[in-house]
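# Secondary and tertiary structure notes
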Amino acid sequence: MDPIDHPTSQYAVKVVEGDIVTGELVRLACERHLMDLETGADRGLYFDCQAASRVLNFSKMICHTTGSMAGKPLALEPWQEFRHGSVFGWKKEESGLRRFQSTYHQVGKKNGKTTDTAVPMLFTQLFDVNPLTGKPEAAPQGYCAATTRDQAGLLFKELKRMIKKSPILPRLMNVWQSEIATPNADGFIKCLSRDGNASDGINPHFAARDEVHRWTDRELAEIVVNSMVSRDQPIDWAITTAGADMVSICGELRGYGEKVLRGDVIDDSFFGYIAEPAEDCDPGDPKNWMMGNPNLGVSFKRENFEQIYNKAVAIQGGMPNFRRLHLNLWTEGAQTWIGRDIWDRGAEPFNPEVLYGRPAWVGIDLSRTTDTTAIVIAVPIDGLVYLISYTFLPAGPKGFIQRAQKENREFVQWRDTGWLEVHKGAAIDEEQIIQRMGWIKDHFDLKEVAYDPWGMSYVAKELDKRHFPMVEHRQGYGSMSNPMKKFEEMTFKNKIRHGGNPVLAWAVSNVHVDMDKAENISPNKKKSTGRIDTAVAAIMALGRALVGEGKRKAREIETV
């Protein structure tokens, strides 16, 4: 077969000719491949069609393990054939060894990175031949590497499932709890992480560094890469979605990859595939969706992607994560959460007195000194949630007016119009907070008071003495993620009524959202642009109200 007719090259041709929609950096990777077919021999490089086809054909021995495709053989898409074919097909004329040893693969979330990485990981264990000896690679070591055991275990567990589901691979590999053994080659695959297995003494033939944008440990990265020096043709397979900090290990790799693809740096040992649209692209253009998601329409549906985009448009804080996770664009800097135009849809005034006597849930975010303290009452009625917010601020050591001039001049107007209550002195008057809670208990059917126990010991103890239904509600990912997502959803559906409270609107606009590796979210007070205490109390109150309403409806169904 002529190299230009190989599936690897045919993908490159279609990209360059515009038949396949991609971003600029993927197009440059394809142009590099086609140019090297013409001029690579001058640098001692050639494309081995048979070697490239061998890994592509091997993929058919692997089966999908989840979803509607479970049990069916893996069929690589053209963009995957290009990457695998390139890494395994390009060789050095003098030795026959592989050209590429360092690889960087950046594609959007849900594009099958884990499934895709199983192909080279398993192939290098079973069928990799060392051209210098003409024999299979001796004792190949494969590692699923990440900064945490949990992240490293994601790929490792998927590999074990794939092997078990395959009609052929169980005859060639033994699956154990912490190791996948390849007896005929005396090889193995293990997890490798900074907080788990020791990294000393490793000798990787293939290392999959998963979600590199989360890597903060430079030492682990250097150990993995430097430990490959004794291998003749190892592969460092770095896979990731775009991150939020270019001054990082992953950011450096991404930057280096762009320099190589643009020709600013000549490095024949580096392969890069960076699937992203232009930084200033229209995030609503489906063409740009394709540029960051080469598997769009294959591993996930276009209509589902459109729903994610529509929500990101409505929830301002969702757009940065949409750009990063789904357009595969790097995002940096603090980002707000919910856009004011969306929030203001719930500003229709209402009379709090009409809610007296109804079931209510309260969230308290108590400040000891300088921060605002907030009490928010959530009253659910007929699918809507009404929020009554009280915000308290200590005047400060130099007086309220000076504090307002320094922090937010709106404080004065909010105080004068009754939206902000100012306490004398430099700290919140906790007795006034207790009194306000007593008034709330007298006027509502109080179901729960959600509070963060940090800094709340005295008030919580006093309220507990007075038989308030106190519920601890910490402000980490575990407690805040679901309430925040419900808050987003209710705002998006215009199901929240807040009466146009300007202090609550200000707090919501200040919220910066943090997200962990499992996509749990929480508000980050340090990164937020101003006080967010009233928003935090509102999130807690609404979250507990929805849980309480869910239990009430479940009881009603049981009694029918």
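Every value quoted in this text rests on a predicted model; they were computed, and no experiment measured them.

Another aspect to go through is the overall build of the protein chain. A tally of helices and strands in the protein chain yields 19 helices and 21 strands. Taken over the C-alpha atoms alone, the protein chain extends approximately 85 × 50 × 45 Å along its principal axes. Among the 560 residues that make up the protein chain, the fraction classed as buried is 54%. Excluding contacts between residues fewer than 6 apart, the proportion of contacts in the protein chain whose partners are at least 24 apart in sequence is 70%. Here the protein chain displays about 25,000 Å² of accessible surface, and carbon together with sulfur accounts for 49% of that area. Within the protein chain, the 74 negative side-chain charges are centred at a point lying 5 Å from the centre of the 70 positive side-chain charges.

Reading across the sheet, the 8 strands line up as β7-β8-β9-β6-β10-β11-β3-β12 and stay open at both edges, with mixed pairing between neighbours. For this open sheet the edge positions go to β7 (174-175) and β12 (270-274), each flanked by a neighbour on one side alone. Sheet topology places strand β8 (residues 180-182) next to strand β9 (residues 187-193); 3 bridges connect them, and they run antiparallel. Within β9, the position partnered with T182 by the bridge is G187. Relative to the sheet, helix α6 (residues 149-165) contacts β6 (141-146), β7, β8, β9 and β10 (206-209), its axis offset from that of β9 by approximately 155°.

It is worth spelling out the pattern of salt bridges at this point. Taken as a whole, this structure holds 30 salt bridges when the rule is applied. In this structure, the salt-bridge partner of E462 is R466, at a minimum N-O distance of 3.6 Å. When its relative accessible area of 13% is taken as the criterion, E462 is described as buried. Taking the shortest distance from any N to any O, the salt bridge between K493 and E489 comes out at 2.9 Å.

For helix α7 (residues 218-226), every residue scored as buried is listed here: L220, A221, I223 and V224. Buried positions in α7, seen along its axis, are confined to an arc of 160° and lie on one side of it. Here the buried face of α7 lies against β6, β9, β10 and α8 (249-262).

Extensive coverage of strand β3 (residues 102-106) is indicated by the burial of 4 of its 5 residues. Direction of pairing for β3 relative to β12: parallel, over a ladder of 5 bridges. Bridge pairing in β12 links T103 to F271.

Assignment of secondary structure puts N288 in helix α9 (residues 286-292). Looking at N288, its side chain comes within polar contact range of the main-chain oxygen of D282, at 2.8 Å.

Here is a general trend for soluble globular proteins: nonpolar side chains tend to be buried in one another's company. F58, L122, L159, I189 and Y273 are the most contacted members of the largest nonpolar core, which totals 79 residues. Apart from the residues within four sequence positions on either side, L159 is in contact with A118, M121, L122, C144, I180 and I189. One finds L504, V511, A538 and A541 within the second-largest nonpolar core, a separate group that totals 33 residues.

The rules we used
- Residues numbered from 1 in each chain as written.
- Predicted model: local features only at pLDDT ≥ 70, side-chain atom pairs only at ≥ 80, totals over all residues.
- Heavy atoms only, no water.
- Helix = DSSP H or I, 4+ residues; strand = E, 2+ residues; numbered from the N terminus.
- Buried < 20%, exposed > 50% of the residue type's maximum accessible area, 1.4 Å probe, protein only.
- Contact = heavy atoms within 4.5 Å.
- Areas by Shrake-Rupley, 256 points an atom, 1.4 Å probe, with all protein chains shown as cover.
- Lys, Arg positive; Asp, Glu negative; His and termini not counted.
- Charge placed at Lys NZ, Arg CZ, Asp CG, Glu CD.
- Pairing = 2+ DSSP bridges.
- Axes fitted to C-alpha atoms, helices over the stretch in contact; angles between N-to-C directions.
- Salt bridge = Lys/Arg side-chain N within 4 Å of Asp/Glu carboxyl O.
- Arc of directions from axis to C-beta.
- Polar contact = N/O pair within 3.5 Å; in protein donor to acceptor, adjacent residues only side chain to side chain.
- Core = buried A, V, L, I, M, F, W, Y, C linked by side-chain atoms within 4.5 Å.

By themselves these figures say nothing about function.
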